[in-house]
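Residue-level structure breakdown
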Amino acid sequence: MKQFNAEEFLNLSEQDCIQIQYKLSYNVIQSNTVSLKSIKTVAGVDTAYWKENNKEMAVCCIVVIDFKTKRIVEKQYSVGEIKFPYISGCLAFRELPLIMQTAVKLKCNPDIFLFDGNGILHTRGMGLATHASFYLEKPTIGIAKKYFNVEGAKFIKPENCIGKYSNIIKNNEIIGRAIITQKDVKPVFISVGNYIDIDTTTELIMMMIDKQSHIPIPTRYADLETHIKRKELRQ
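I will try to describe carefully the structure that is included in this document. Model, not experiment: these values are computed from the prediction.

**Here we look at the side chain of threonine 202**
- If you trace the backbone, threonine 202 turns up in helix α4 (residues 198-207).
- A polar contact of 2.8 Å, which involves the side chain of threonine 202, links it to the backbone oxygen of isoleucine 198.
- Leave out the neighbours within four places in its chain, and threonine 202 touches Tyr165, Arg177, Ile179 and Ile190.

**A closer look at the sheet that holds strand β2 (residues 55-66)**
- Spatially, the eight strands line up as an open sheet ordered β3-β2-β1-β4-β5-β8-β7-β6, and their pairing is mixed. One side of each edge strand has no neighbouring strand; the edge strands of this open sheet are β3 (72-81) and β6 (165-170). Here the strands of the sheet are splayed against their neighbours by 25 degrees on average, with no regard to which way each runs.
- Two strands pair when backbone bridges link them, and strand β1 (residues 41-52) and strand β4 (residues 112-116) are joined in this way by four bridges, in the parallel orientation. Bridged to alanine 43 within β4 is phenylalanine 113.
- Contacts from helix α2 (residues 91-103) reach β1, β2, β3 and β4 within the one sheet, and its direction differs from that of β2 by about 55 degrees.
- Lying over the sheet, helix α5 (residues 217-234) contacts β1, β2, β3, β4 and β5 (140-144), oriented at roughly 30 degrees with respect to β1.

**Thoughts on the nonpolar core**
- Formed by 29 residues in total, the largest nonpolar core has its most connected members in Ile39, Ile112, Leu114, Ile141 and Leu204.
- Residue assignment for this core shows that the elements contributing at least two residues are β2, β4, β5, β8 (188-194), α4 and α5.
- When neighbours within four sequence positions are excluded, leucine 114 is seen to be in contact with Val42, Ala43, Gly44, Val45, Ile141, Ile143, Leu204, Ile205, Pro216, Pro218 and Thr219.
- Cys90, Ile99, Phe115 and Ala129 belong to the second largest nonpolar core, which has 28 residues in total.

**As for the packing of α2 against helix α3 (residues 128-136)**
- Relative to each other, α2 and α3 sit at 40 degrees, their axes nearing to 10 Å. Classified by the interaxial angle, the pair formed by α2 and α3 is oblique. Taken as a pair, α2 and α3 cross one another with a handedness that is right-handed. Every residue of α3 that contacts α2 at Leu91, Ala92, Phe93, Glu95, Leu96, Ile99, Met100 and Ala103 is listed here: Leu128, His131, Ala132, Tyr135 and Leu136.
- Looking at the contact of α2 with α3 residue by residue, the class counts come to eleven nonpolar, one polar and one charged.

**Here we look at the pattern of salt bridges**
- This structure, assessed with the given rule, holds six salt bridges.
- Across the salt bridge formed by glutamate 232 and lysine 229, the nearest N and O atoms sit 3.6 Å from each other. Residue glutamate 232 and its partner lysine 229 are both found in helix α5; the two are separated by three residues, about one turn of the helix.
- Residue glutamate 232 is classed as partly exposed on the basis of its relative accessible area, which comes to 45%.
- On the basis of relative accessible area, lysine 229 is assigned to the buried category, the value being 16%.

**Notes on α3**
- Of all nine residues making up α3, nine are buried, and the element is well covered by its neighbours.
- Those residues of α3 not exposed but buried are Leu128, Ala129, Thr130, His131, Ala132, Ser133, Phe134, Tyr135 and Leu136.
- Positive backbone phi, approximately 55 degrees, marks glutamate 137, located one or two places after α3.

**Comments concerning the packing of aromatic side chains**
- Applying the stated criterion across every chain yields a total of seven aromatic pairs.
- Arranged with centres 5.8 Å apart and planes meeting at 25 degrees, the rings of phenylalanine 84 and phenylalanine 93 form a pair that is stacked. Assigned by exposure class, phenylalanine 84 and phenylalanine 93 land together as buried.
- Ring centres 5.4 Å apart and planes at 45 degrees place the aromatic pair tyrosine 147 and phenylalanine 189 in the tilted group. Remark: phenylalanine 189 occurs in strand β8 and tyrosine 147 occurs in the loop between β5 and β6; sequence separation between them is 42 residues.
- Residue classification places tyrosine 147 among the partly exposed positions, given a relative accessible area of 26%.
- Here a set of aromatic residues connected by ring pairs shows up, and it is made of Phe4, Phe9, Phe84, Phe93 and Tyr135.

About the cut-offs
- Residues numbered from 1 in each chain as written.
- Predicted model: local features only at pLDDT ≥ 70, side-chain atom pairs only at ≥ 80, totals over all residues.
- Heavy atoms only, no water.
- Helix = DSSP H or I, 4+ residues; strand = E, 2+ residues; numbered from the N terminus.
- Polar contact = N/O pair within 3.5 Å; in protein donor to acceptor, adjacent residues only side chain to side chain.
- Contact = heavy atoms within 4.5 Å.
- Pairing = 2+ DSSP bridges.
- Axes fitted to C-alpha atoms, helices over the stretch in contact; angles between N-to-C directions.
- Core = buried A, V, L, I, M, F, W, Y, C linked by side-chain atoms within 4.5 Å.
- Buried < 20%, exposed > 50% of the residue type's maximum accessible area, 1.4 Å probe, protein only.
- Parallel < 35°, antiparallel > 145°, perpendicular 65-115°, else oblique.
- Left-handed = near helix turned anticlockwise from the far one by under 90°.
- Nonpolar A, V, L, I, M, F, W, Y, C, P; charged D, E, K, R; others polar.
- Salt bridge = Lys/Arg side-chain N within 4 Å of Asp/Glu carboxyl O.
- Phe/Tyr/Trp six-rings, centres within 6.5 Å; stacked < 30°, edge-to-face > 60°.

And the structure:
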């Protein structure tokens, strides 16, 4: 895991953020550095916000599950004030400080990280999952419940059948997939974060779906945990 200095983000302008994203985008590797057979643990990452004494607060939760049994192996969280402003397309600069603060607490070493957010399905190919990969130094995947509208990208709604998907294409390249994980439920939007390809991403996500939800188990657990912790912390 790469050393992370949150202070480096504080005084960045929007143009600074965009330049960093473009620079990092050249180093994205859309090929596998891990095989499904070798994966033992998968981490889900999510963040929840609230206001407290005119401050914007957030809690990040990481839940690690056993890939085979789907049981929880470890849970960690971090809470803190969010000082970086909201800038469309620059979510990572707000959330990475808490994400990395939480990740370094992990006692286990997850083989892959799943994010409630986007990977290369992003205006500059640098969504939260992709940006985080350069610090986590692990394969990452983005899973979004809502479509991030990337200019010039096109896709059609997939057939209403579990496992069916349609590619999201920009400049003749696949930047994501709209995939049906549960029948009669809206698709989720998956994308490569880094160090993995889109077909392996798709297969892994479908292996992480159960009857409880249309989103993967790790990010669902992380989402539930953020709501629990936020309620505790606000009280």
